[in-house]
Amino acid sequence: MSSAISLGGRLDRRQLTSVACFAVCVVAGIVLAVAGGKAGIWGLVPIIMYAVLALLGVDVVLATIGAVIVAAIMTRTAPVPLGEQLATSMGSLVAVIGLIILLGAGLGHVAQETGAAQTLVRTVMGRIGLSTPTRVQLGVMVSSLVIVGALGTLAGGNAIIAPIVIPIAARMGWRPPAVAAMFHAAGAAGLMLGPFTPPVVTITAAARLSYGDYLLHAGLPVGAITIVTGFFMARWIQKHTDQEYAPEDAAKDDDDADAAPNKRGQWAALAFIGVLVALAVYGVWVKAGYSYALVVMVVTAAATGLAGGLGAKGTAEAVYAGAARLIWLFMLFWLLDPLLTLVQKTGAFDTIFDHLKGVMPDVGPYVFLLLVVLLGYVHAVPGAAVAQVVLINKLFGPLVTSLGVPPAAWAVSLLGTAQIDQLGPYPTADMMGQMGLARSSDLRMMLFNGWAIMVANTAGFLVLFAILL
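The model shown is predicted, which means the values in this text are computed figures rather than measured ones. (Residues numbered from 1 in each chain as written. Predicted model: local features only at pLDDT ≥ 70, side-chain atom pairs only at ≥ 80, totals over all residues. Heavy atoms only, no water.)

Asks: I would appreciate a short explanation of the packing of aromatic side chains in the present structure.
Replies: Given two aromatic rings, one states the distance between the centres and the angle between the planes to describe the pair. Scanning all chains against the criterion turns up 9 aromatic pairs. Aromatic side chains Tyr-282 and Trp-285 sit 6.2 Å apart centroid to centroid with 65° between the ring planes, which places their arrangement in the edge-to-face category. Note that Tyr-282 and Trp-285 are positioned in helix α12 (residues 263-285) at a spacing of 3 residues, about one turn of the helix. When its relative accessible area of 42% is taken as the criterion, Tyr-282 is described as partly exposed. (Phe/Tyr/Trp six-rings, centres within 6.5 Å; stacked < 30°, edge-to-face > 60°. Helix = DSSP H or I, 4+ residues; strand = E, 2+ residues; numbered from the N terminus. Buried < 20%, exposed > 50% of the residue type's maximum accessible area, 1.4 Å probe, protein only.)

This is the structure:
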């Protein structure tokens, strides 16, 4: 009882702190609005409030709405002009990225409903073979890489493969903390490599880079470091943990890789991979921009659903169901554009640029890119990695141009700030999610895995920036 009261007290204090933070920022906005003129560096108050509220556990969309309100007050933006800004935002780059993510979630649900995703996992596991612990590890990690990269979701992708691969891994003697490390490292690499994952779409749009160039200079090097380090860390963790799978975890399961494949699932998997790869290759060939992903998602979902026997109506319903899970993310992106536009009106970005443009040439582009990566390590925008890319690109984009930073190097820096932070330096939601899927309770080993990958990638960034600049 006392622990429950204590927990409730902590929650109440957190809520009170959030309300107090919002109230103080509203007052600050009113004062700056009455003072007239541009707020300058004080124009960052909405962004700072946004980060603080997110750290306090406030829903990220609610935190963004609060930041928009403060920014509107600060810039003396009336309700009607604010509504016009929100309407204009629907056609912005940020909102389009949000729509791509929604359609990606819908496609992922179609792949799951038709059995295409499960068939792909069984195919990968069967092709690699399950005769040794090393082969099983390769099968688990390649399956995670492929599914997460194709579906664009770490939690959703690994949730599909977990019931299929865990019985196999358990029978081969793999322990839960090691499997959790495999899921996290391979899934993180999948998010960096998939052509239409949220971070890849956002980074290629922000850096104005084609997917092929992104993959060559950023995705492949960073993804390779992530998965290779995770591969060896899983083996190290296997030797240094005592947690074991229960006997029932190793039991034969209908979702095992040895289970008979479903014919419709096979056809759906063929359609999914065939259409997705064909459209991706075509996109790379014609150097298509980020908006091409809208066509890819719709066509691939339709082909997969029809091949899997869902029919036109069933396919549409599966897309709706999948997209509904991420409607909050679309709303976040829709609100981000007005927030950034209003903050820009305060003169905050111009003030920062004016102050830094005299300093950064002395620091140089190399150190500048490393500093941007470090911002990601400390979670500049908690809970929304892709939103973090948008904010950082908006804030530092002029400096990138003035310093002559190549788009490929900027893409590497954005990838670091968006994705590496999910691996540490402290426990994250993604980390805990992968532990849950693998049925692990050893947080210490997950932190060791994340820290090792962060250190390896930091060394990789040092080399990549030296090569690309």
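Asks: It is not clear to me how the layout of surface pockets should be interpreted in this structure. Could you clarify?
Replies: A water-sized probe rolled over the atoms picks out the places where empty space is left. Taken as a whole, the second largest pocket holds about 530 Å³ of empty space. The wall of the second largest pocket is formed by 24 residues, among which Ala-206, Arg-208, Asn-393, Lys-394 and Gly-397 lie closest to the centre. Elements with a contribution of two residues or more to the lining of the second largest pocket: α5 (93-114), α10 (198-207), α15 (327-345), α16 (348-356), α18 (385-403) and α19 (407-419). Broken down by element, the residue count for the lining of the second largest pocket peaks at 8 residues, all from α18. Considered class by class, the residues forming the lining of the second largest pocket number 15 nonpolar, 5 polar and 4 charged. (1 Å grid on protein atoms, 1.4 Å probe; cavity = no way out; pocket = protein on both sides within 12 Å on 5 of 7 lines; lining within 4 Å. Points joined across faces, edges and corners; volume = space filled by probe spheres on them. Nonpolar A, V, L, I, M, F, W, Y, C, P; charged D, E, K, R; others polar.)

Asks: Looking at this structure, how should I read the nonpolar core?
Replies: For soluble globular proteins, nonpolar side chains are generally found buried alongside one another. Core analysis: the biggest nonpolar cluster contains 143 residues, and Tyr-50, Tyr-214, Phe-272, Leu-332, Leu-339, Phe-368 and Trp-410 have the highest contact counts within it. The biggest single contributor to this core is helix α9 (residues 176-193), with 11 residues. Not counting the four nearest positions on each side in its chain, Trp-410 is found in contact with Ala-207, Phe-368, Leu-369, Val-372, Ile-392, Asn-393, Phe-396, Val-400 and Val-405. (Core = buried A, V, L, I, M, F, W, Y, C linked by side-chain atoms within 4.5 Å. Contact = heavy atoms within 4.5 Å.)

Asks: What is the right way to read helix α8 (residues 154-171) from this model?
Replies: Side chains that are three or four residues apart share a direction in an α-helix, a result of its 3.6 residues per turn. With 18 residues, α8 extends 25 Å from end C-alpha to end C-alpha; this agrees with the ideal 26 Å at 1.5 Å per step. Approximately 50° is the largest bend angle found in α8, and it occurs at Ala-162, with the proline Pro-163 only one to four residues beyond. Positive phi appears at Gly-173, one or two residues downstream of α8, with a value of about 90°. (Expected span 1.5 Å × (residues − 1). Bend = angle between axes of the 7 residues up to and from the residue.)

Asks: What is the right way to read the environment of Ile-327 from this model?
Replies: One can find Ile-327 in helix α15. Remark: the alpha-carbon pair of Ile-327 and Ala-105, spanning 222 residues in sequence, is separated by 9.8 Å.

Asks: Looking at this structure, I do not really get unusual backbone geometry. What am I missing?
Replies: What is expected of a backbone is that most residues other than glycine have negative phi and most peptide bonds are trans. A positive phi is found at Arg-76, a non-glycine position, where the angle reads about 55°. Here Arg-76 lies in the loop between α3 (60-74) and α4 (79-89). By relative accessible area, which is 49% here, Arg-76 ends up partly exposed. With a phi close to 65°, Arg-439 is a non-glycine residue in the positive phi region.

Asks: It is not clear to me how the environment of His-109 should be interpreted in this structure. Could you clarify?
Replies: Relative to the assigned elements, His-109 resides in helix α5. Judged by relative accessible area, which is 9%, His-109 ranks as buried. In the structure, His-109 is positioned 47 residues away from Gly-156 in sequence and 9.1 Å away in space, judged by C-alpha atoms. Every residue in contact with His-109, bar those within four places of it in the chain, is listed here: Ala-318, Ala-321, Gly-322 and Arg-325.

Asks: Hey, could you run me through the pattern of salt bridges in this one?
Replies: Note that side chains of opposite charge can pair when their charged atoms are close. Summed over all chains, the structure comprises 1 salt bridge. A salt bridge links Glu-244 to Arg-175; the nearest nitrogen and oxygen atoms lie 2.9 Å apart. One end of the pair, Glu-244, is in the loop between α11 (211-239) and α12; the other, Arg-175, is in the loop between α8 and α9, with 69 residues separating them in the sequence. (Salt bridge = Lys/Arg side-chain N within 4 Å of Asp/Glu carboxyl O.)

Asks: Looking at this model, I keep getting lost on the packing of α9 against helix α21 (residues 443-468). Mind explaining?
Replies: Relative placement of two packed helices is described by the angle separating their axes and the distance separating the axes. Taken N-terminus to C-terminus, the directions of α9 and α21 make an angle of 35°; their axes are 9 Å apart at the nearest point. Handedness of the crossing formed by α9 with α21: right-handed. Counting all contacts with α9, which are made through Pro-177, Ala-180, Ala-181, His-184 and Ala-185, the residues of α21 involved are Met-445, Met-446, Asn-449 and Ile-453. A class-by-class count of the residues in the contact of α9 with α21 yields 7 nonpolar, 2 polar and no charged. (Axes fitted to C-alpha atoms, helices over the stretch in contact; angles between N-to-C directions. Left-handed = near helix turned anticlockwise from the far one by under 90°.)

Asks: I would appreciate a short explanation of a nonpolar patch on the surface in the present structure.
Replies: A cluster of nonpolar side chains, Val-363, Val-367, Leu-371 and Leu-374, forms an exposed patch at the surface whose accessible area comes to about 280 Å². Here Leu-371 is to be found in helix α17 (residues 360-377). By relative accessible area, which is 39% here, Leu-371 ends up partly exposed. (Patch = residues over 30% accessible without salt bridge, like charges linked within 9 Å, V, L, I, M, F, W, Y side chains within 5 Å. Areas by Shrake-Rupley, 256 points an atom, 1.4 Å probe, with all protein chains shown as cover.)

Asks: I tried to follow the side chain of Thr-229 on my own but got confused; where do I start?
Replies: Looking at where Thr-229 falls in the secondary structure, it is placed in helix α11. Not counting residues up to four positions away in its chain, the partners in contact with Thr-229 are Ala-452, Ile-453 and Ala-456.

Asks: What is the right way to read the packing of helix α7 (residues 133-151) against α9 from this model?
Replies: Their axes nearest at 7 Å, the elements α7 and α9 cross at an angle of 35°. Crossing handedness for the pair α7 and α9: right-handed. Here Gln-137, Val-140, Met-141, Ser-144, Leu-145, Val-148 and Gly-149 of α7 come into contact with α9, specifically with Met-182, Phe-183, Ala-185, Ala-186, Gly-187, Ala-189, Gly-190, Leu-191 and Leu-193. Broken down by class, the residue content of the contact of α7 with α9 amounts to 11 nonpolar, 5 polar and no charged.

Asks: How do you make sense of the state of the cysteines when you look at a structure like this?
Replies: Where two cysteines share a covalent bond between their sulfur atoms, that bond is called a disulfide. Considering all chains together, one arrives at 0 disulfides under this definition. With no disulfide of its own, Cys-21 lies closest to Cys-25 among cysteine sulfurs, the gap being 4.4 Å. By relative accessible area, which is 16% here, Cys-21 ends up buried. (Disulfide = S-S within 2.5 Å.)

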